[in-house]
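# Examination of the molecular architecture
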Amino acid sequence: MRFQTLYEGRWIFAVVIALGAIGGVLGWMWLVILSVLLLLFCINFFRDPDRPIPAGDDVVVAAADGVVADIVEIDETEVLATRCRRVGIFLSVFDVHVNKAPIAGKVTFVQHHPGIFMDARDPECSIKNEALTWAIEGAKATLVIRQITGAIARRIVPWSKMGDEVPKGFRFGMIRFGSRTEVYLPLTATVEVKVGDRVLGAETVIARLA
């Protein structure tokens with residue numbers, strides 16, 4: 001567990017512990033049991049394990065834990081203004097929600113987008129939900145990463161800023177509860193995953209750059 005990650009859940013932990021304390025004082029065992037279960041869930045949610053990070057400027061790692069929901073060719077109009085291949089990863093409430101840099105490089109773009117909170121499995125969530133767009137300029141390409149909220153996840157927490165130099169696998173932010181993370185790759189990249197694959201942030205190789 002890392003302090004920075006746990007700190008993001010400080011108010012949630014405080015409320016859960018307070019509920020348990022109230023239950024103990026009043027003798028409401030159901031509330032004590034509920035608070036213990038909620039505390040275990042929160043500890044699991046805010047876990048942040050270290051992972052072995054594959055080396056190589058051509059190696060692109062997953063930006064999040066979860067399941068590959070889609071791989072599509074699409075126009076990326078916000079940063080690159082070009083056709084890209086997008087790998088979308090769906091994060092359930094049981095996945096690690098810390099986002100990791102898919103390549104080493106410089107953060108050249110950060111932009112928040114207000115929006116609604118559709119289910120992150122809905123195809124339209126990419127354009128309608130609240131999101132935060134990043135661009136990282138690496139040795140071989142500039143990749144765009146988009147953090148997208150879901151029906152439950154309603155807060156995106158950025159830990160990096162424009163101009164930061166980040167190593168591959170660097171924790172640049174997190175999304176609180178179920179959500180979606182997208183990585184936009186150049187069409188020349190070779191995608192190494194398929195829809196339905198489970199990936200681990202900073203560890204699973206999702207593509208190789210030409």
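Residues numbered from 1 in each chain as written. Predicted model: local features only at pLDDT ≥ 70, side-chain atom pairs only at ≥ 80, totals over all residues. Heavy atoms only, no water.

### Comments concerning the overall build of the protein chain
Assigned secondary structure in the protein chain consists of four helices and 14 strands. Its C-alpha atoms give the protein chain a radius of gyration of 18 Å, within 12% of the compact-globule value 17 Å for 210 residues. For the protein chain, the spread of C-alpha atoms along the three principal axes comes to 65 × 35 × 30 Å. Relative to its full complement of 210 residues, the protein chain shows a buried share of 49%. Within the protein chain, contacts between residues at least 6 apart in sequence are counted, and of these 71% link residues at least 24 apart. With 23 positive and 23 negative side-chain charges, the protein chain shows a separation of 4 Å between the mean positions of the two kinds. (Helix = DSSP H or I, 4+ residues; strand = E, 2+ residues; numbered from the N terminus. Rg over C-alpha atoms; globule rule 2.2 N^0.38 Å. Buried < 20%, exposed > 50% of the residue type's maximum accessible area, 1.4 Å probe, protein only. Contact = heavy atoms within 4.5 Å. Lys, Arg positive; Asp, Glu negative; His and termini not counted. Charge placed at Lys NZ, Arg CZ, Asp CG, Glu CD.)

### Re the sheet that holds strand 8 (residues 156-158)
One open sheet holds the three strands; their spatial order is 4-10-8, and the pairing between them is antiparallel. Looking along the sheet, the strands with just one partner apiece sit at the ends: strand 4 (98-100) and strand 8. In this sheet, neighbouring strand axes are inclined to one another by 25 degrees on average, regardless of whether the strands run parallel or antiparallel. Inspection of the sheet shows strand 4 paired to strand 10 (residues 171-175) by three bridges, in the antiparallel sense. Across the sheet, the residue bridging to Val98 is Met174, located in strand 10. (Pairing = 2+ DSSP bridges. Axes fitted to C-alpha atoms, helices over the stretch in contact; angles between N-to-C directions.)

### Quick notes on the pairing of strand 7 (residues 142-148)
Buried residues dominate strand 7, accounting for six of its seven residues. Relative to strand 7, strand 6 (residues 131-137) runs antiparallel, the two sharing seven bridges. For Trp134, the partnering residue across the bridge sits in strand 7 and is Ile145. Hairpin geometry of strand 6 and strand 7 is characterised by an intervening segment of four residues between the two adjacent antiparallel strands. Two strands pair when backbone bridges link them, and strand 7 and strand 11 (residues 179-186) are joined in this way by five bridges, in the antiparallel orientation.

### A look at the environment of Cys84
With respect to the helices and strands, the residue Cys84 is situated in strand 3 (residues 82-91). Those residues in contact with Cys84 that sit more than four places away from it in its chain are Val72, Glu73, Ile74, Glu76, Tyr184, Leu185 and Leu187.

### Notes on helix 2 (residues 10-26)
A rise of 1.5 Å per residue sets the reference length of helix 2, with its 17 residues, at 24 Å; its end C-alpha atoms lie 24 Å apart and thus fit the reference within 8%. Where helix 2 is concerned, the buried positions are Phe13, Val16, Gly20 and Gly23. Summarising the axial view, the buried residues of helix 2 lie within an arc of 95 degrees, below the 170-degree limit, and thus occupy one face. Among the exposed residues of helix 2, those pointing more than 90 degrees away from its buried face are Trp11 and Val25. Those residues of helix 2 hidden inside the fold are in contact with helix 1 (3-8) and helix 3 (29-45). (Expected span 1.5 Å × (residues − 1). Arc of directions from axis to C-beta.)

### Comments concerning the side chain of Arg180
Turning to its location among the elements, Arg180 is positioned in strand 11. In this structure the side chain of Arg180 is engaged in a polar contact, spanning 2.7 Å, whose partner is the side chain of Glu182. (Polar contact = N/O pair within 3.5 Å; in protein donor to acceptor, adjacent residues only side chain to side chain.)

### Considerations on the nonpolar core
Membership of the largest hydrophobic core comes to 29 residues, with the highest contact counts inside it found for Val60, Ile136, Leu143, Leu185, Val199 and Ile206. Listing elements by their share of this core, those giving two or more residues are strand 3, strand 6, strand 7, strand 10, strand 11 and strand 14 (205-208). For Val199, the residues in contact, after removing those within four places along its chain, are Ala62, Ala64, Asp65, Gly66, Val68, Ile89, Val193, Thr204 and Ile206. Of all hydrophobic cores here, the second largest spans ten residues; its members include Val16, Phe46, Val96 and Val98. (Core = buried A, V, L, I, M, F, W, Y, C linked by side-chain atoms within 4.5 Å.)

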